[in-house]
Amino acid sequence: MTAASSDPRRQEGEGFGLAGVGFLLGVAHRARRRQWEGRLSDLGLTAPQAAMLRLVTAEPGQGVRGLGRRLGTDAMNAQRIVETLVAGGLCSARRDPADARRRPLYPTDRGTQLAERVAERASDAELHLANTLGADTYRSLTNALRAVIELDTKTEGHPTSEVFTSQESTEVEHALRGSADSTQPTCSPRSGRTQRAL
């Protein structure tokens, strides 16, 4: 078998261009972000703000640089997001007695409550995606994406946070395991929660 014939891109009749993984990931990311921001619109949060708020709530006391690294964004962008959360009364920046330059972030009571609502909606959105794709496709997709992220982590040295996926992945895995024998998970149209098919 030649190199060309063993290339999965050649077998599909597609090259790097518009059919490449990077392009498809970008399109998929934008589509999911539009859908996610639609779910957040009544909460007055953008997707980056929601992600930052969840991270601050899950790991209070982090500085802006650390938060930016966990989100995979630069410090300036992280600072801009943090400033909007502080201005909105969702987070507070405190002085670090050990380092005058460092201003660790903590969620306010209102921020914590809002983060809980965001987490519930994120779980619903993830369960809906799993139901739509089906168990096998959902697992294959998440495993492949984790492999891509892990490759980037190894080659670029960027830390990757699981804080935004742990709850959703756990709920989805429970739902998929509960329906693996004879049913596919189905999503309640009212709540978005997974239920066993009858």
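Cut-offs and rules
Residues numbered from 1 in each chain as written. Predicted model: local features only at pLDDT ≥ 70, side-chain atom pairs only at ≥ 80, totals over all residues. Heavy atoms only, no water. Helix = DSSP H or I, 4+ residues; strand = E, 2+ residues; numbered from the N terminus. Buried < 20%, exposed > 50% of the residue type's maximum accessible area, 1.4 Å probe, protein only. Contact = heavy atoms within 4.5 Å. Areas by Shrake-Rupley, 256 points an atom, 1.4 Å probe, with all protein chains shown as cover. Expected span 1.5 Å × (residues − 1). Salt bridge = Lys/Arg side-chain N within 4 Å of Asp/Glu carboxyl O. Phe/Tyr/Trp six-rings, centres within 6.5 Å; stacked < 30°, edge-to-face > 60°. Lys NZ or Arg CZ within 6 Å of the ring centre and 35° of its normal.

J.: Account for the overall build of the protein chain, with residues named and values stated.
T.: Across its full length, the protein chain carries nine helices and four strands. Traced from its N-terminal end to its C-terminal end, the protein chain shows the element sequence α-α-α-α-α-α-β-β-α-α-α-β-β. Residue burial in the protein chain is summarised as follows: out of 198 residues, 30% are buried. Contacts in the protein chain between residues far apart in sequence, at least 24 positions, make up 56% of those at least 6 positions apart. Just so you have it, the protein chain exposes about 12500 Å², and 54% of that area is on carbon and sulfur atoms.

J.: Explain the environment of Arg110 residue by residue, including any values.
T.: One can find Arg110 in helix α7 (residues 109-133). Arg110 sits 19 residues away from Cys91 along the chain, and the two C-alpha atoms are 8.5 Å apart. Once you skip the residues sitting within four places of it in the chain, Arg110 turns out to touch Gly88, Gly89 and Leu90.

J.: Lay out α7 in plain terms, naming residues and giving numbers.
T.: Over its 25 residues, α7 runs 37 Å from end to end, which matches the ideal 36 Å to within 8%, given 1.5 Å per residue. Looking one or two places after α7, you find Gly134, whose phi comes out positive at around 95 degrees.

J.: Quick one: what's the story with the pattern of salt bridges, residue by residue and with numbers?
T.: Going through the model one piece at a time under the given rule, you end up with three salt bridges. Between Asp42 and Arg121 there is a salt bridge, and its shortest N-O distance comes to 2.5 Å. With Asp42 in the loop between α3 (21-40) and α4 (47-58) and Arg121 in helix α7, this pair connects stretches of sequence that are 79 residues apart. A relative accessible area of 53% places Asp42 in the exposed class.

J.: Could you give me a rundown of the packing of aromatic side chains, with the residues and numbers involved?
T.: Taken as a whole and assessed by the stated rule, the structure comprises zero aromatic pairs. One cation-aromatic arrangement involves Arg94 over Tyr106; the distance from NZ or CZ to the ring centre is 4.0 Å.

J.: Tell me about the environment of Leu55, residues and numbers included.
T.: Secondary-structure assignment places Leu55 in helix α4. Sequence separation of Leu55 and Ala115 is 60 residues, and the distance between their C-alpha atoms is 9.0 Å.

J.: Residue-level account of the environment of Ser92, with values.
T.: Relative to the helices and strands, Ser92 resides in strand β1 (residues 91-93). Overall, Ser92 belongs to the partly exposed group, its relative accessible area being 25%. Considering only alpha carbons, one finds Ser92 and Pro104, twelve residues apart in sequence, at a separation of 8.4 Å. In contact with Ser92, other than residues within four places in its own chain, are Pro104, Leu105, Tyr106 and Thr108.

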